[in-house]
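An overview of the molecular structure
These are the residues of each chain, in order.
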Amino acid sequence: MKKMRTIWGGSALMTLGLSAALLLSVCHGSQAQAEPEPVLAQEGSLDSLRAAVEYLLKQYPGEYQQEWLEEVRRLEERIGPGADAAGGIPASLEEVKELSRRALLAHPVLTQYPLVYVERRQYRSDHHNTATLFQPGEINAGSYDTRGVLKALYLPEGVTRTVYDAGAFATIRDLEVSPDGEKILFSMRRNAQDSYHIYEIGLDGHYLLQLTSAPGVSDIDPIYLDDGSIVFASTREPKYCMCNRHIMCNLFRMDEDGANIHQIGRSTLFEGHPSLLADGRILYSRWEYVDRNFGDAQGLWVCNPDGTQHAIYWGNNTSSPGAVLDGRAIPGSDLVLTTFSSCHDRPWGALAIIDRKLGVDGRESVLQTWPADFIERINTDAWEDFDSTVSLRVKYEDPYPLDRHFFLASRTTGYQEEMGIVLLDTFGHEIVVHQDAPGCFDPMPAMPRQMPLVRPTARNFEEKTGKFYVQDVYIGTHMKGVERGAVKSLRVVESPEKRTYAGWRDGWFGQGEQAPAMSWHAFENKRILGTVPVEEDGSAYFEIPANRFVYFQLLDEEGMMIQSMRSGTIVQPGEIQGCVGCHENRVEDAAPPVSAMPKAVSRLPSPMNGWYGEPRLFNYLKEVQPVFTKNCAHCHDVGQEAGEKLILAADQSIPFNAAYTDMWRKQAIHAIGAGPAAIQEAYSWGSHASKVVSQIKSGHNEVELTREEWERVVTWIDLNAVYYPIYESAYPNSPCGRSPISFEERDRLQKLTQINISNNHGSRQEALVYFDRPEMSPILAKLEKESAEYKEALAIIQSGRERLLSKPRADMEGFTPSEEHQKALDKYEERAAWEAKVYEAVREGKKVYDPGLSRR
C-alpha cells in the first residue's frame, strides 16, 4: 500500500492518495506539472539499470519494490540486456528510457519525503563565482533582480506547493533542512534595499523566524549543527576581493535562536558553502591567496564547529578546476560530492566525486565527473586554466547526495540559463525530476537524518592569543636540497585583509587588477609579527595573536627564506594548533616515531618579537629604499652608466617608485609574485634566487651592508617584494588608485609627450614620472626643454609633487586615507566592536542579538 503523506497549504490538509483534480485545489494555485522530458539526460543500458535497481533493493529493503527488478527482467527478455542509447533500436531505447525514469524516480527518499527547492532566476553574471550578493552600497548592487520562492515538490505525482513567498521583490536562497526534517533554514532578501538575512520556517509554511538582522551586511549559506546552533557565511567583517572590488564573506556561528553571533573563519577573501562531514567537522569552500594566482586558489577546507583547526581538504593547489564549491559528504562513505566551477563565472560548472584518500589535489583523487569528459580537464600545472568550466554546454550546481550512489542537483535545461532538478547516479543515469521557470535551485529532501555530534570546544573567549607548534620542519614535500640543520628560525607573517577599494577606472594590473595598486604582480600587504627559533630536531613552538591570518617562512642562518607557505592559517583564542612538518603530504605523511618530546614543546612557547621594532605593515619606501639610496643610488641613477643597467633611485612615480619598478621589470629580484598554484621547491624563489642579492654577496663595487641593511633587503624580497603597506589611498579615484595627478592630467601628459603611461606590469615599462625630481622624469627626455610641450608637461608633474607634499600617499609619512576610505574603515571598526561585545556576552553567560531582534 502507498505510504500516506500530507501536504500542508495554509490551513488545508490533504493526502497524496487523492485524485489529481483534488490535488490541484490545495497547492496555492499551482498547476499540474506534466512529467518533464529528460532534456539533455543521459540514459544507461539495461545492464546499468539492473545494477541501479539491485542497489536500491539492497539499500532500502522493504521500501523499494521488487517489482522494479521484475520489470527490468521482462524488458531484458524482450530486447536483450545490452540495449542502450548508442546501440539499441529506437523503440528499445524509448522503453529503456521510460523504465529507467519510472524505476529510479521510485527511489524511496523521493517518494516518501517532499523535495524542497527555490524557484528563481540564475544570478546575473558578475566578476567571480562569489559575486552573488549584490549588497546595497557595494559596487555591483544594481545587479540585484532575482525573485525567489521556497517550494516543495511531491513525487511521484509531480505536485508542487509554495512553502513561502515573500513578494515580488524578494529573493530566497541557500536552503538547509533541519535534522528532524520539519524546518527549513534559508537566506532571504526582501527587496533591493534590504540585505540577505537568515530565517527559519516550518515545512508547513508557518512560524517564520528571523534569526539575523544586522544592517549593511549579508548573511548566507546557513547550516544546522547537532546542538541546534547554526553556522553561516557573512560579510560581517567587511573585506574585499584583493584582485578587484567585491565584498567577501567569512564563516560565523550563532546560537539556535540567533544569539551571540561570532566569527569562526578569518581568511582574507571568501569562506562559504558549508556542510558537515560525518566526523562533525565543517567542510567549506575557501578562496584565499598568499603570493599566488587568484584564479585557482578556491578549494575545499575543513574546520571544527568552534573555528579551530582550519585545514586544507582538497583542491588548494589544483589549477583546473579554478573553484571547488558546495562540497557535501556522500552518506555511507568517506567520499565528497562537489561542484567544480571557475573563477570568472556563476557558482555552477561540473559535478565531481572526490576520494581524498587518493590525494588532496589533481586528477588521481577524482573518481567521476558530470559531464563525464570533464575529468580530463583536471590538472595541477596549467596555471591559467582556472576558467575551465565556463565553456561547458551543460552546467550543474547545488549537489545533494541521497545515498552512496544517487544524487540530486540543479542543472541547465537547455533553455537559456534555466535550471531544473535532476537525479543522477553512478550507474550512468541522469533524469530530469522537475522543471519550473525561471529555474530550480537547492533541491534537497525534507527528511530526518542522523547528525554527527558537535566536537568539544577547543577555544575560549578570554585569551588574546593561541599557540602553534611544528613537530619537524624537515618533514614534507618540496624540501629538496634542504639539509637537516639548515633551518635556524621560522618567521610568522600576517597577510591582512583588504578593507577598502579604489575607484572603478584604471587600477594597476599585476596578475589581476589591483584597486588600488599594491605590488608589481601580487596583491597582498604584509606584517612581520616575529621570528622564532627552530630547534635542532626541527621543532618550533610559539604563541601568536588570535584571529590573525598568518603564514610561516623557514629561514637560514643569514635570515634568507628557504621555504614559504602560500596560503594562511589562524588560531582561535586559546587554541593549540600544530602540523607535522612544512608542506607535509596530508594523505601519506605521518610523523616518524620519536623517542623524546620535540625540544620546542618542552619549553614555553616563543613570543612574537616583531622585526626591527614593533610589528607593523611593511612599507618598501620606508623599510628598504633607504638601503639602496645610501649604498647604490649614487651610481644607479638616471644619466649614470650603471643607471642604464638598473635604476635604484628613490623617486616616487605612478604607481610605485623608480627603484622598485626597475628591479621588478628587469628581473633583478626573483619573487614569485602571484605565481602558479603548484607548491614551489625550496630555494626556488626569493632572496636565494635573486640577482640583486647575488651582486651584494659578491661584493659588487665594494659595497658592504650592515647586518640590518642586509636583512632589510632579503626580507623584503622574501616577503614577495611588496610595495604599499595598506590598501587605503589618499587618491583612490586616480590612475592606479595612487596617483597625485588626475586622469585628465595623465591623459594630457601622454598627449604632450606622445608616450602612454602603462598601468600593467606586462608592459615592463620603466618609471616615467619622477615626482621627487620632476625635471629628471624619463617621460620628458625627448622634448625640447624650451618647448611649450615640455613646460606644460613639467608643470603637470610638478603639480603632482606639490600635492604629495600636502597630501602624502600611502607609502609616505603623514598619510591620511581619503574620506571614502575612512568611512569604510569606520564600518570595519564598528563591526569589530560588535564582535567584541559578543565575546563579552559569552564570557558573562549572556545573550546578544542583532538589532531589532530579541528572544524571551
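All of these numbers come straight from a predicted model, not from anything done at the bench. (Residues numbered from 1 in each chain as written. Predicted model: local features only at pLDDT ≥ 70, side-chain atom pairs only at ≥ 80, totals over all residues. Heavy atoms only, no water.)

1. Let's talk about the overall build of the protein
Across its full length, the protein carries 14 helices and 35 strands. Against the 2.2 N^0.38 benchmark of 29 Å for 856 residues, the protein shows a C-alpha radius of gyration of 30 Å, consistent with a compact globule. Projected onto its principal axes, the C-alpha positions of the protein cover 95 × 75 × 65 Å. A total of 856 residues make up the protein; the buried ones form 62% of that total. Considering only residue pairs separated by 6 or more positions, the protein has 65% of its internal contacts joining residues 24 or more positions apart. Seen as two clouds, the 90 positive and the 120 negative side-chain charges of the protein have centres 2 Å apart. (Helix = DSSP H or I, 4+ residues; strand = E, 2+ residues; numbered from the N terminus. Rg over C-alpha atoms; globule rule 2.2 N^0.38 Å. Buried < 20%, exposed > 50% of the residue type's maximum accessible area, 1.4 Å probe, protein only. Contact = heavy atoms within 4.5 Å. Lys, Arg positive; Asp, Glu negative; His and termini not counted. Charge placed at Lys NZ, Arg CZ, Asp CG, Glu CD.)

2. Focus: the sheet that holds strand β10 (residues 219–224)
Within a sheet, neighbouring strands are paired by backbone hydrogen bonds and run either parallel or antiparallel to one another. Strand order in this open sheet of 4 strands is β10-β11-β12-β13, and the pairing throughout is antiparallel. A single partner strand is all that each edge strand has here, and the edge strands are β10 and β13 (262–263). Relative to strand β11 (residues 230–234), β10 is paired through 4 bridges, and the arrangement is antiparallel. Note that in β11 the partner of Ile-220 across the bridge is Ala-233. (Pairing = 2+ DSSP bridges.)

3. Focus: empty space enclosed by the protein
Applying the stated rule across the entire model yields 6 cavities of 30 Å³ or more. Lining of the largest cavity is provided by 28 residues; of these, Asp-174, Asp-221, His-273, Asp-326 and Asp-442 occupy positions nearest its centre. Residues that form the lining of the largest cavity fall into these classes: 12 nonpolar, 6 polar and 10 charged. Of the volumes computed, that of the second largest cavity is approximately 110 Å³. Lining the second largest cavity are 15 residues, and of these Trp-508, Ile-654, Ser-758, Gln-765 and Glu-766 sit closest to its centre. For the lining of the second largest cavity, the per-class residue count stands at 8 nonpolar, 6 polar and 1 charged. (1 Å grid on protein atoms, 1.4 Å probe; cavity = no way out; pocket = protein on both sides within 12 Å on 5 of 7 lines; lining within 4 Å. Points joined across faces, edges and corners; volume = space filled by probe spheres on them. Nonpolar A, V, L, I, M, F, W, Y, C, P; charged D, E, K, R; others polar.)

4. As for the packing of aromatic side chains
The final tally for this structure, using the stated rule, is 31 aromatic pairs. Note on Trp-314 and Phe-340: the rings are 5.4 Å apart at their centroids and 10 degrees apart in plane angle, and the pair reads as stacked. Here Trp-314, found in strand β17 (residues 311–314), pairs with Phe-340, found in strand β19 (residues 336–341); they are 26 residues apart in sequence, far enough to count as distant. Like Trp-314, the residue Phe-340 is buried in the burial classification. Aromatic pair Phe-542 and Phe-552: ring centres 5.3 Å apart, planes at 85 degrees, arrangement edge-to-face. Of this pair, Phe-542 sits in strand β32 (residues 540–545) while Phe-552 sits in strand β33 (residues 550–555), and the two are 10 residues apart along the sequence. Judged by relative accessible area, which is 0%, Phe-542 ranks as buried. Relative accessible area serves as the criterion here: at 7%, Phe-552 is assigned to the buried category. Aromatic ring contacts, followed pair by pair, group Trp-508, Trp-520, Tyr-620, Phe-656, Tyr-660, Trp-716, Tyr-723 and Tyr-724 into a single cluster. The residue whose ring lies beneath Arg-356 is Tyr-313, and the NZ or CZ to ring-centre distance is 5.0 Å. (Phe/Tyr/Trp six-rings, centres within 6.5 Å; stacked < 30°, edge-to-face > 60°. Lys NZ or Arg CZ within 6 Å of the ring centre and 35° of its normal.)

5. A few points about the pattern of salt bridges
Taken as a whole, this structure holds 63 salt bridges when the rule is applied. Notably, a salt bridge pairs Arg-245 with Glu-513, separated by 2.8 Å at the nearest N-O pair. Of the two residues, Arg-245 sits in the loop between β11 and β12 (250–254) while Glu-513 sits in strand β30 (residues 513–514), which places them 268 residues apart along the sequence. When its relative accessible area of 12% is taken as the criterion, Glu-513 is described as buried. The salt bridge involving Arg-773 is made with Asp-651; its shortest N-O contact spans 2.7 Å. (Salt bridge = Lys/Arg side-chain N within 4 Å of Asp/Glu carboxyl O.)

6. Things to note about the layout of surface pockets
When its volume is computed, the second largest pocket comes out at roughly 860 Å³. Lining the second largest pocket are 38 residues, and of these Glu-237, Arg-266, Asn-547, Tyr-828 and Ala-832 sit closest to its centre. In terms of residues, the lining of the second largest pocket owes the most to one element, helix α14 (residues 819–843), which gives 9 residues.

7. Side note on the sheet that holds strand β34 (residues 561–564)
Reading across the sheet, the 4 strands line up as β31-β28-β33-β34 and stay open at both edges, with antiparallel pairing between neighbours. In this open sheet, the two edge strands, each paired with only one partner strand, are β31 (527–533) and β34. The mean angle between the axes of side-by-side strands here comes to 25 degrees, regardless of whether they run parallel or antiparallel. As paired elements, strand β28 (residues 489–494) and β33 share 6 bridges and run antiparallel to each other. Within β33, the residue paired with Leu-490 across the bridge is Leu-554. (Axes fitted to C-alpha atoms, helices over the stretch in contact; angles between N-to-C directions.)

8. Quick word on helix α9 (residues 658–665)
With 8 of 8 residues buried, α9 lies mostly within the body of the structure. Taken together, the buried residues of α9 touch α6 (620–623), α7 (625–631) and α11 (707–718). Within two residues after α9, Gln-667 carries a phi angle of roughly 60 degrees, on the positive side.

9. Some thoughts on the packing of helix α2 (residues 46–59) against helix α3 (residues 67–79)
Contact geometry for α2 and α3: axes closest at 9 Å, N-to-C directions at 165 degrees. Looking at the two axes, α2 sits roughly antiparallel to α3. The hand of the α2/α3 crossing is left-handed. For the pair α2 and α3, contact is made by Leu-46, Leu-49, Arg-50, Val-53, Glu-54 and Leu-57 and by Trp-68, Leu-69, Val-72, Arg-73, Leu-75, Glu-76 and Ile-79, respectively. Residue composition of the contact of α2 with α3, grouped by class: 9 nonpolar, no polar and 4 charged. (Parallel < 35°, antiparallel > 145°, perpendicular 65-115°, else oblique. Left-handed = near helix turned anticlockwise from the far one by under 90°.)

10. Comments concerning the nonpolar core
Judged by nonpolar contacts, the single largest core of 91 residues is most densely connected at Trp-287, Tyr-289, Tyr-620, Phe-628, Met-663, Trp-716 and Leu-749. Among the elements that take part in this core, helix α13 (residues 788–806) stands out by supplying 6 residues, more than any other. Excluding residues that lie within four positions of it along the chain, Trp-287 makes contacts with His-128, Thr-130, Cys-241, Cys-243, Met-248, Leu-269, Phe-270, Phe-294, Ala-297 and Gln-298. Grouped together as the second largest cluster of nonpolar side chains are 53 residues, Ala-52, Tyr-60, Ala-152 and Val-163 included. (Core = buried A, V, L, I, M, F, W, Y, C linked by side-chain atoms within 4.5 Å.)

11. Topic: the packing of helix α12 (residues 743–753) against α13
Taken N-terminus to C-terminus, the directions of α12 and α13 make an angle of 150 degrees; their axes are 9 Å apart at the nearest point. Considered as vectors, α12 and α13 are oriented roughly antiparallel to each other. Between α12 and α13 lies a crossing whose hand is left-handed. Along the contact surface, α12 presents Glu-745, Arg-748, Leu-749, Leu-752 and Thr-753, while α13 presents Glu-789, Glu-792, Ala-793, Ile-796, Ile-797, Ser-799 and Arg-803.

12. Some words on the confidence of the model for the protein
Detailed reading of the predicted coordinates is not advisable wherever pLDDT is low. In this model, the protein carries a mean pLDDT of 92, and residues with pLDDT of at least 70 account for 92%. In the predicted structure, residues 1–42 sits below a pLDDT of 50 and forms 82 contacts with residues beyond four places in sequence or in another chain. (pLDDT = per-residue confidence, 0-100.)

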